[in-house]
Amino acid sequence: MGTAFAGSSTMGSSREAGPLRVMIVDDSVVIRGLISRWIGAEHDMEVAASLRTGLEAVNQIERINPDVAVLDIEMPELDGLSALPQLLAKKRDLVIIMASTLTRRNAEISFKALSLGAADYIPKPESTREASAADTFHHDLIQKIRHLGARLRRKPAVASPPLAPASPAPAVRAPAVARSAALAPAPPSSGALATRPFSTQTPKVLLIGSSTGGPQALMALVTELGPVIDRVPVLITQHMPPTFTTILAEHLARSSRKPAAEAIDGEPVKPGRIYLAPGGKHMRVVRSGADTVIALDDGPAVNFCKPAVDPLFTSAIDVWHGGILSVILTGMGSDGMRGGKDIVAAGGSVIAQDEASSVVWGMPGAAANAGICAAILPLNQIGAKVNRLFAGDRS
(Lines give C-alpha, C1' and ligand atoms only; values in the text may rest on other atoms or scores of the structure.)
Protein backbone atom coordinates (compact mmCIF):
# COMPACT_ATOMS: atom_id res chain seq x y z
CA MET A 1 0.00 0.00 0.00
CA GLY A 2 1.02 3.63 -0.45
CA THR A 3 3.00 5.41 2.21
CA ALA A 4 0.10 7.70 3.05
CA PHE A 5 -1.52 4.86 4.94
CA ALA A 6 1.30 2.43 5.65
CA GLY A 7 2.38 4.00 8.94
CA SER A 8 1.21 2.70 12.27
CA SER A 9 -2.00 4.21 13.60
CA THR A 10 -2.20 5.80 17.02
CA MET A 11 -5.86 4.82 17.28
CA GLY A 12 -7.82 1.60 17.36
CA SER A 13 -10.13 0.45 14.59
CA SER A 14 -13.59 1.93 14.28
CA ARG A 15 -16.38 0.84 16.56
CA GLU A 16 -18.21 -2.35 15.75
CA ALA A 17 -21.68 -1.17 16.85
CA GLY A 18 -23.75 1.96 17.26
CA PRO A 19 -24.26 4.86 14.87
CA LEU A 20 -21.53 5.93 12.49
CA ARG A 21 -19.63 8.86 13.99
CA VAL A 22 -19.22 11.64 11.43
CA MET A 23 -16.76 14.53 11.72
CA ILE A 24 -17.73 17.57 9.63
CA VAL A 25 -14.82 19.84 8.68
CA ASP A 26 -15.82 22.97 6.74
CA ASP A 27 -15.16 26.69 7.24
CA SER A 28 -18.73 27.53 6.22
CA VAL A 29 -21.05 27.69 9.22
CA VAL A 30 -24.01 27.28 6.83
CA ILE A 31 -22.65 24.03 5.37
CA ARG A 32 -21.69 22.68 8.80
CA GLY A 33 -25.18 23.40 10.11
CA LEU A 34 -26.87 21.89 7.07
CA ILE A 35 -24.88 18.66 7.18
CA SER A 36 -25.28 18.41 10.96
CA ARG A 37 -29.07 18.58 10.64
CA TRP A 38 -29.12 15.94 7.92
CA ILE A 39 -26.92 13.55 9.89
CA GLY A 40 -28.91 14.17 13.06
CA ALA A 41 -32.07 13.02 11.27
CA GLU A 42 -30.58 9.61 10.41
CA HIS A 43 -30.94 6.70 12.82
CA ASP A 44 -27.62 5.07 11.91
CA MET A 45 -25.26 8.06 12.15
CA GLU A 46 -24.41 10.92 14.49
CA VAL A 47 -22.33 14.09 14.44
CA ALA A 48 -19.10 13.39 16.29
CA ALA A 49 -17.76 16.93 15.77
CA SER A 50 -18.31 20.03 13.65
CA LEU A 51 -15.03 21.85 12.98
CA ARG A 52 -13.96 24.91 11.03
CA THR A 53 -10.46 24.01 9.82
CA GLY A 54 -8.32 21.06 8.87
CA LEU A 55 -5.91 21.96 11.65
CA GLU A 56 -8.66 21.56 14.26
CA ALA A 57 -9.48 18.14 12.78
CA VAL A 58 -5.86 16.95 12.89
CA ASN A 59 -5.38 18.18 16.44
CA GLN A 60 -8.61 16.68 17.77
CA ILE A 61 -9.03 13.43 15.84
CA GLU A 62 -7.73 11.23 18.69
CA ARG A 63 -10.32 12.68 21.06
CA ILE A 64 -13.17 12.61 18.53
CA ASN A 65 -12.38 9.16 17.05
CA PRO A 66 -14.78 9.46 14.07
CA ASP A 67 -15.64 6.73 11.58
CA VAL A 68 -16.19 9.12 8.68
CA ALA A 69 -14.93 12.64 7.93
CA VAL A 70 -16.56 15.03 5.48
CA LEU A 71 -13.59 17.23 4.61
CA ASP A 72 -13.85 20.55 2.77
CA ILE A 73 -11.04 21.37 0.34
CA GLU A 74 -10.71 25.14 0.82
CA MET A 75 -10.20 26.10 4.48
CA PRO A 76 -7.99 28.51 6.43
CA GLU A 77 -4.95 27.37 8.45
CA LEU A 78 -4.84 23.88 6.89
CA ASP A 79 -6.71 22.99 3.72
CA GLY A 80 -8.40 19.65 3.11
CA LEU A 81 -5.73 18.19 0.83
CA SER A 82 -2.99 18.98 3.36
CA ALA A 83 -5.05 17.66 6.28
CA LEU A 84 -5.92 14.39 4.50
CA PRO A 85 -2.61 12.49 4.91
CA GLN A 86 -2.21 13.76 8.48
CA LEU A 87 -5.65 12.45 9.42
CA LEU A 88 -4.96 9.07 7.81
CA ALA A 89 -1.59 8.86 9.59
CA LYS A 90 -3.43 9.13 12.91
CA LYS A 91 -6.38 6.90 11.96
CA ARG A 92 -5.65 4.71 8.96
CA ASP A 93 -9.17 3.30 8.56
CA LEU A 94 -10.87 6.72 8.62
CA VAL A 95 -13.27 7.09 5.69
CA ILE A 96 -12.70 10.55 4.22
CA ILE A 97 -15.17 12.12 1.78
CA MET A 98 -13.82 15.25 0.13
CA ALA A 99 -16.31 18.07 -0.44
CA SER A 100 -15.82 20.90 -2.94
CA THR A 101 -17.58 23.25 -5.30
CA LEU A 102 -17.57 22.46 -9.01
CA THR A 103 -14.46 24.24 -10.26
CA ARG A 104 -11.73 22.73 -12.38
CA ARG A 105 -9.18 23.39 -9.64
CA ASN A 106 -11.30 21.63 -7.03
CA ALA A 107 -11.96 18.73 -9.39
CA GLU A 108 -8.20 18.28 -9.85
CA ILE A 109 -7.66 18.45 -6.08
CA SER A 110 -10.42 15.87 -5.53
CA PHE A 111 -8.70 13.46 -7.92
CA LYS A 112 -5.41 14.06 -6.14
CA ALA A 113 -7.15 13.33 -2.82
CA LEU A 114 -8.31 9.95 -4.14
CA SER A 115 -4.70 9.05 -4.89
CA LEU A 116 -3.75 10.01 -1.33
CA GLY A 117 -6.35 7.76 0.28
CA ALA A 118 -9.67 9.62 0.29
CA ALA A 119 -12.55 7.18 -0.11
CA ASP A 120 -14.69 9.44 -2.30
CA TYR A 121 -15.63 13.02 -3.13
CA ILE A 122 -18.88 14.97 -3.30
CA PRO A 123 -19.61 18.25 -5.10
CA LYS A 124 -21.15 20.99 -2.97
CA PRO A 125 -23.87 23.17 -4.55
CA GLU A 126 -22.90 26.74 -5.34
CA SER A 127 -25.90 27.87 -3.33
CA THR A 128 -27.87 25.85 -0.82
CA ARG A 129 -30.86 28.08 -1.59
CA GLU A 130 -31.41 26.13 -4.82
CA ALA A 131 -33.75 23.35 -3.66
CA SER A 132 -32.87 20.74 -6.30
CA ALA A 133 -29.12 21.17 -5.81
CA ALA A 134 -29.45 20.96 -2.03
CA ASP A 135 -31.67 17.86 -2.32
CA THR A 136 -29.12 16.11 -4.54
CA PHE A 137 -26.28 17.03 -2.19
CA HIS A 138 -28.32 15.77 0.78
CA HIS A 139 -29.20 12.43 -0.84
CA ASP A 140 -25.72 11.75 -2.21
CA LEU A 141 -23.88 12.70 0.98
CA ILE A 142 -26.01 10.55 3.28
CA GLN A 143 -25.73 7.57 0.93
CA LYS A 144 -21.96 7.91 0.67
CA ILE A 145 -21.55 8.17 4.45
CA ARG A 146 -23.80 5.15 5.00
CA HIS A 147 -22.34 2.84 2.36
CA LEU A 148 -18.69 3.77 2.80
CA GLY A 149 -19.00 3.69 6.57
CA ALA A 150 -20.66 0.28 6.47
CA ARG A 151 -17.37 -1.28 5.36
CA LEU A 152 -15.92 -0.50 8.77
CA ARG A 153 -18.52 -2.71 10.43
CA ARG A 154 -17.38 -5.79 8.53
CA LYS A 155 -14.21 -7.80 8.72
CA PRO A 156 -11.65 -6.36 6.27
CA ALA A 157 -10.62 -8.47 3.30
CA VAL A 158 -7.00 -9.06 2.37
CA ALA A 159 -6.06 -6.45 -0.18
CA SER A 160 -5.17 -7.50 -3.70
CA PRO A 161 -1.62 -6.65 -4.84
CA PRO A 162 -1.44 -3.02 -6.00
CA LEU A 163 -1.79 -2.50 -9.73
CA ALA A 164 1.06 -0.72 -11.45
CA PRO A 165 0.22 2.75 -12.81
CA ALA A 166 0.13 3.20 -16.55
CA SER A 167 2.15 6.41 -16.60
CA PRO A 168 4.87 7.83 -14.38
CA ALA A 169 2.60 10.09 -12.34
CA PRO A 170 -1.13 9.82 -13.01
CA ALA A 171 -3.33 11.86 -10.70
CA VAL A 172 -5.22 8.77 -9.55
CA ARG A 173 -2.84 5.96 -8.69
CA ALA A 174 -3.19 2.31 -7.88
CA PRO A 175 -2.53 2.57 -4.11
CA ALA A 176 -5.98 4.13 -3.74
CA VAL A 177 -7.42 0.96 -5.27
CA ALA A 178 -5.42 -1.19 -2.88
CA ARG A 179 -6.59 0.79 0.14
CA SER A 180 -10.19 0.57 -1.02
CA ALA A 181 -9.88 -3.18 -1.36
CA ALA A 182 -8.40 -3.42 2.12
CA LEU A 183 -11.41 -1.64 3.58
CA ALA A 184 -13.95 -3.56 1.52
CA PRO A 185 -16.00 -6.37 3.05
CA ALA A 186 -14.63 -9.88 2.92
CA PRO A 187 -15.96 -11.71 -0.12
CA PRO A 188 -19.04 -13.55 1.11
CA SER A 189 -21.00 -15.04 -1.72
CA SER A 190 -19.67 -13.63 -5.01
CA GLY A 191 -17.73 -16.82 -5.70
CA ALA A 192 -20.84 -18.95 -5.09
CA LEU A 193 -23.23 -16.88 -7.20
CA ALA A 194 -24.55 -18.49 -10.36
CA THR A 195 -23.06 -17.35 -13.66
CA ARG A 196 -24.15 -17.95 -17.23
CA PRO A 197 -22.09 -18.78 -20.33
CA PHE A 198 -20.54 -15.96 -22.31
CA SER A 199 -22.25 -15.06 -25.57
CA THR A 200 -21.11 -16.97 -28.61
CA GLN A 201 -21.13 -13.73 -30.60
CA THR A 202 -17.94 -11.75 -31.07
CA PRO A 203 -18.41 -8.48 -29.19
CA LYS A 204 -18.42 -5.32 -31.30
CA VAL A 205 -18.28 -2.78 -28.45
CA LEU A 206 -17.20 -2.53 -24.81
CA LEU A 207 -19.51 -0.70 -22.39
CA ILE A 208 -18.43 0.13 -18.82
CA GLY A 209 -20.50 1.49 -15.94
CA SER A 210 -19.14 2.64 -12.57
CA SER A 211 -19.81 4.89 -9.59
CA THR A 212 -18.26 5.11 -6.10
CA GLY A 213 -14.63 4.01 -6.41
CA GLY A 214 -14.96 4.12 -10.17
CA PRO A 215 -12.24 6.64 -11.05
CA GLN A 216 -9.56 4.50 -9.40
CA ALA A 217 -10.98 1.29 -10.91
CA LEU A 218 -11.29 2.79 -14.40
CA MET A 219 -7.74 4.12 -14.26
CA ALA A 220 -6.42 0.66 -13.43
CA LEU A 221 -8.60 -1.13 -15.99
CA VAL A 222 -7.93 1.01 -19.06
CA THR A 223 -4.18 0.47 -18.72
CA GLU A 224 -4.81 -3.12 -19.85
CA LEU A 225 -7.31 -2.52 -22.65
CA GLY A 226 -5.08 -1.22 -25.45
CA PRO A 227 -5.76 -4.12 -27.86
CA VAL A 228 -9.51 -3.86 -27.28
CA ILE A 229 -9.62 -0.07 -27.72
CA ASP A 230 -7.77 -0.42 -31.03
CA ARG A 231 -10.41 -2.88 -32.25
CA VAL A 232 -13.74 -1.49 -31.00
CA PRO A 233 -15.23 1.65 -29.41
CA VAL A 234 -15.20 1.83 -25.60
CA LEU A 235 -18.03 3.78 -23.97
CA ILE A 236 -17.99 4.60 -20.25
CA THR A 237 -20.60 6.02 -17.91
CA GLN A 238 -19.20 7.05 -14.53
CA HIS A 239 -21.54 8.71 -12.02
CA MET A 240 -19.84 12.10 -11.84
CA PRO A 241 -20.76 15.78 -12.12
CA PRO A 242 -19.70 18.25 -14.83
CA THR A 243 -16.06 19.42 -14.75
CA PHE A 244 -15.10 16.22 -12.93
CA THR A 245 -15.80 14.18 -16.08
CA THR A 246 -13.58 16.55 -18.06
CA ILE A 247 -10.68 15.80 -15.71
CA LEU A 248 -11.46 12.06 -15.66
CA ALA A 249 -11.36 11.89 -19.46
CA GLU A 250 -7.91 13.51 -19.45
CA HIS A 251 -6.64 10.96 -16.93
CA LEU A 252 -8.14 8.07 -18.89
CA ALA A 253 -6.32 9.28 -21.99
CA ARG A 254 -3.02 9.37 -20.11
CA SER A 255 -3.52 5.99 -18.46
CA SER A 256 -4.66 4.17 -21.60
CA ARG A 257 -2.43 6.10 -24.01
CA LYS A 258 -5.46 6.22 -26.31
CA PRO A 259 -7.77 9.09 -27.31
CA ALA A 260 -10.35 9.64 -24.54
CA ALA A 261 -12.77 12.53 -24.15
CA GLU A 262 -16.21 13.50 -23.01
CA ALA A 263 -18.67 12.43 -25.69
CA ILE A 264 -20.14 15.13 -27.97
CA ASP A 265 -23.74 15.00 -29.16
CA GLY A 266 -23.88 13.72 -32.74
CA GLU A 267 -20.24 12.62 -33.04
CA PRO A 268 -19.61 9.28 -34.79
CA VAL A 269 -18.66 6.31 -32.61
CA LYS A 270 -15.46 4.75 -33.94
CA PRO A 271 -12.93 2.13 -32.80
CA GLY A 272 -9.74 3.43 -31.22
CA ARG A 273 -11.42 5.90 -28.86
CA ILE A 274 -12.84 6.04 -25.33
CA TYR A 275 -16.11 7.98 -25.04
CA LEU A 276 -17.02 9.20 -21.54
CA ALA A 277 -20.52 10.36 -20.63
CA PRO A 278 -20.27 14.05 -19.68
CA GLY A 279 -21.45 15.02 -16.21
CA GLY A 280 -25.07 16.11 -16.11
CA LYS A 281 -26.04 14.33 -19.36
CA HIS A 282 -27.14 10.78 -20.16
CA MET A 283 -25.14 9.22 -22.99
CA ARG A 284 -26.90 7.02 -25.51
CA VAL A 285 -25.99 5.69 -28.95
CA VAL A 286 -28.24 5.77 -32.02
CA ARG A 287 -28.08 4.85 -35.68
CA SER A 288 -27.71 7.72 -38.16
CA GLY A 289 -27.69 6.27 -41.65
CA ALA A 290 -24.73 3.92 -41.83
CA ASP A 291 -23.08 5.46 -38.77
CA THR A 292 -23.47 5.04 -35.03
CA VAL A 293 -23.47 8.39 -33.24
CA ILE A 294 -23.58 9.74 -29.70
CA ALA A 295 -26.90 11.08 -28.44
CA LEU A 296 -26.71 13.16 -25.26
CA ASP A 297 -29.90 13.46 -23.22
CA ASP A 298 -30.68 16.21 -20.71
CA GLY A 299 -33.70 14.37 -19.33
CA PRO A 300 -34.41 13.51 -15.69
CA ALA A 301 -32.06 11.48 -13.51
CA VAL A 302 -32.25 7.69 -13.80
CA ASN A 303 -31.57 5.66 -10.65
CA PHE A 304 -30.88 9.04 -8.95
CA CYS A 305 -27.99 9.53 -11.41
CA LYS A 306 -27.21 11.73 -14.40
CA PRO A 307 -25.39 10.36 -16.27
CA ALA A 308 -26.75 6.88 -15.61
CA VAL A 309 -25.52 3.53 -16.89
CA ASP A 310 -28.87 2.00 -17.87
CA PRO A 311 -29.60 4.46 -20.72
CA LEU A 312 -26.25 3.65 -22.35
CA PHE A 313 -26.69 -0.10 -21.96
CA THR A 314 -30.23 -0.24 -23.32
CA SER A 315 -29.58 2.09 -26.26
CA ALA A 316 -26.62 -0.02 -27.39
CA ILE A 317 -28.87 -3.01 -28.07
CA ASP A 318 -30.55 -1.30 -31.03
CA VAL A 319 -27.11 -0.67 -32.55
CA TRP A 320 -25.04 -3.76 -31.76
CA HIS A 321 -27.79 -6.26 -30.80
CA GLY A 322 -26.07 -9.22 -29.12
CA GLY A 323 -22.54 -8.07 -29.93
CA ILE A 324 -22.11 -6.25 -26.62
CA LEU A 325 -19.72 -6.91 -23.76
CA SER A 326 -20.56 -4.81 -20.69
CA VAL A 327 -18.61 -4.42 -17.46
CA ILE A 328 -20.15 -3.17 -14.21
CA LEU A 329 -17.60 -1.83 -11.74
CA THR A 330 -17.76 -0.66 -8.13
CA GLY A 331 -20.58 1.68 -7.15
CA MET A 332 -23.60 2.30 -4.94
CA GLY A 333 -27.13 1.41 -5.98
CA SER A 334 -28.19 -0.89 -8.79
CA ASP A 335 -27.63 1.21 -11.93
CA GLY A 336 -26.61 -1.00 -14.84
CA MET A 337 -28.47 -4.09 -13.63
CA ARG A 338 -31.64 -3.47 -15.67
CA GLY A 339 -29.67 -2.51 -18.76
CA GLY A 340 -27.46 -5.53 -18.21
CA LYS A 341 -30.54 -7.77 -18.15
CA ASP A 342 -31.59 -6.34 -21.51
CA ILE A 343 -28.11 -6.89 -22.95
CA VAL A 344 -28.12 -10.52 -21.87
CA ALA A 345 -31.64 -11.01 -23.27
CA ALA A 346 -30.39 -9.65 -26.59
CA GLY A 347 -27.49 -12.12 -26.63
CA GLY A 348 -24.68 -10.07 -25.06
CA SER A 349 -22.62 -10.60 -21.91
CA VAL A 350 -22.03 -8.91 -18.55
CA ILE A 351 -18.95 -9.01 -16.29
CA ALA A 352 -19.21 -7.68 -12.71
CA GLN A 353 -16.41 -6.65 -10.38
CA ASP A 354 -16.26 -8.87 -7.30
CA GLU A 355 -17.04 -7.69 -3.79
CA ALA A 356 -13.56 -7.94 -2.32
CA SER A 357 -12.05 -5.48 -4.81
CA SER A 358 -15.05 -3.11 -4.92
CA VAL A 359 -15.22 0.03 -2.83
CA VAL A 360 -18.99 -0.49 -2.68
CA TRP A 361 -20.55 -3.69 -4.01
CA GLY A 362 -23.87 -2.13 -4.95
CA MET A 363 -24.01 -1.94 -8.75
CA PRO A 364 -21.91 -5.04 -9.47
CA GLY A 365 -23.59 -6.89 -6.61
CA ALA A 366 -27.04 -6.15 -8.03
CA ALA A 367 -26.00 -7.57 -11.39
CA ALA A 368 -24.36 -10.60 -9.79
CA ASN A 369 -27.39 -11.35 -7.61
CA ALA A 370 -29.70 -10.97 -10.61
CA GLY A 371 -27.93 -13.93 -12.25
CA ILE A 372 -27.04 -12.03 -15.44
CA CYS A 373 -23.24 -12.19 -15.18
CA ALA A 374 -20.99 -14.46 -17.19
CA ALA A 375 -18.14 -13.71 -14.76
CA ILE A 376 -17.65 -12.03 -11.36
CA LEU A 377 -13.99 -11.08 -11.12
CA PRO A 378 -11.49 -9.08 -9.05
CA LEU A 379 -10.59 -5.79 -10.68
CA ASN A 380 -7.08 -6.96 -11.50
CA GLN A 381 -8.45 -9.89 -13.56
CA ILE A 382 -11.10 -8.05 -15.59
CA GLY A 383 -8.74 -6.51 -18.16
CA ALA A 384 -7.13 -9.83 -19.10
CA LYS A 385 -10.54 -11.49 -19.38
CA VAL A 386 -11.89 -8.73 -21.64
CA ASN A 387 -8.84 -8.99 -23.89
CA ARG A 388 -9.31 -12.76 -24.22
CA LEU A 389 -13.00 -12.39 -25.08
CA PHE A 390 -12.29 -9.92 -27.86
CA ALA A 391 -9.57 -12.26 -29.12
CA GLY A 392 -12.16 -15.01 -29.52
CA ASP A 393 -11.85 -16.97 -26.26
CA ARG A 394 -15.39 -17.65 -24.97
CA SER A 395 -14.45 -19.84 -22.00
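This section reports on the structure supplied with the text.

Quick notes on the pairing of strand β1 (residues 20-25)
Most of β1 sits inside the fold, with 6 of its 6 residues counted as buried. Residues L20, V22 and I24 point to one face of β1 and R21, M23 and V25 to the other, with burial holding for every one of them. In terms of strand pairing, β1 meets strand β2 (residues 45-51) through 6 bridges, oriented parallel. By the bridge assignment, L20 is partnered in β2 with M45.

Thoughts on the pattern of salt bridges
On inspection of all chains with the given rule, the structure shows 15 salt bridges. Here E62 ties to K90 by a salt bridge, and the two come within 3.4 Å at their closest N and O atoms. Placement of E62 in helix α2 (residues 54-64) and of K90 in helix α3 (residues 80-90) is noted, with a sequence separation of 28 residues between them. Judged by relative accessible area, E62 falls into the partly exposed class, the value being 35%. Taken together, the shared-partner salt bridges connect D26, D72 and K124 into one network.

Observations regarding the layout of surface pockets
Put simply, the largest pocket is a space of about 1,100 Å³. For the lining of the largest pocket, the secondary structure elements donating two or more residues are β5 (120-123) and α5 (131-150). Sort the elements by how many residues they give to the lining of the largest pocket and α5 lands first, with 10 residues. Of the residues that constitute the lining of the largest pocket, the class distribution is 15 nonpolar, 14 polar and 10 charged.

Re the sheet that holds strand β3 (residues 68-72)
Backbone hydrogen bonds hold the strands of a sheet together, and the pairing may be parallel or antiparallel. Ordered in space as β2-β1-β3-β4-β5, the 5 strands form an open sheet in which the pairing is parallel. Of all strands in the sheet, those bounded by a partner on one side alone are β2 and β5. Taken over all neighbouring pairs, the strand axes of this sheet differ in orientation by 25° on average, direction set aside.

Digging into the packing of aromatic side chains
By the definition in use, this model includes 3 aromatic pairs. Measuring from centroid to centroid gives 5.5 Å for W38 and F137, while their planes differ by 75°, and the two rings are edge-to-face. Here W38, found in helix α1 (residues 29-40), pairs with F137, found in helix α5; they are 99 residues apart in sequence, far enough to count as distant. We note that W38, like F137, is buried. Among the aromatic residues, those joined into a ring-pair cluster are F111, Y121 and F244. In this structure, K144 is placed above the aromatic ring of Y121, and the distance from its NZ or CZ to the ring centre is 5.6 Å. Just above the ring of Y275 sits the side chain of R273; from NZ or CZ to the centre is 5.9 Å.

What about the sheet that holds strand β12 (residues 324-328)?
Spatial ordering of the open sheet is given by β8-β9-β7-β6-β12-β13-β14, a layout of 7 strands whose pairing is parallel. The sheet is open, and its two edges are formed by β8 (260-262) and β14 (375-377), each paired on a single side. Averaged over all adjacent pairs, the angle separating strand axes in this sheet is 20°, with direction ignored. Pairing geometry for strand β7 (residues 234-238) and strand β9 (residues 274-276), over 3 bridges, is parallel. By the bridge assignment for β9, V234 is matched with I274.

Re the pairing of strand β13 (residues 349-353)
The element β13 is largely enclosed, with a buried count of 5 among its 5 residues. Burial along β13 is two-sided: the face carrying S349, I351 and Q353 and the face carrying V350 and A352 are both buried. In this structure, β12 lies alongside β13, joined through 4 bridges in parallel fashion. In the strand pairing of β13, V327 is matched with I351.

Analysis parameters
- Residues numbered from 1 in each chain as written.
- Predicted model: local features only at pLDDT ≥ 70, side-chain atom pairs only at ≥ 80, totals over all residues.
- Heavy atoms only, no water.
- Buried < 20%, exposed > 50% of the residue type's maximum accessible area, 1.4 Å probe, protein only.
- Helix = DSSP H or I, 4+ residues; strand = E, 2+ residues; numbered from the N terminus.
- Pairing = 2+ DSSP bridges.
- Salt bridge = Lys/Arg side-chain N within 4 Å of Asp/Glu carboxyl O.
- 1 Å grid on protein atoms, 1.4 Å probe; cavity = no way out; pocket = protein on both sides within 12 Å on 5 of 7 lines; lining within 4 Å.
- Points joined across faces, edges and corners; volume = space filled by probe spheres on them.
- Nonpolar A, V, L, I, M, F, W, Y, C, P; charged D, E, K, R; others polar.
- Axes fitted to C-alpha atoms, helices over the stretch in contact; angles between N-to-C directions.
- Phe/Tyr/Trp six-rings, centres within 6.5 Å; stacked < 30°, edge-to-face > 60°.
- Lys NZ or Arg CZ within 6 Å of the ring centre and 35° of its normal.

On their own, these measurements won't tell you what the molecule is for.
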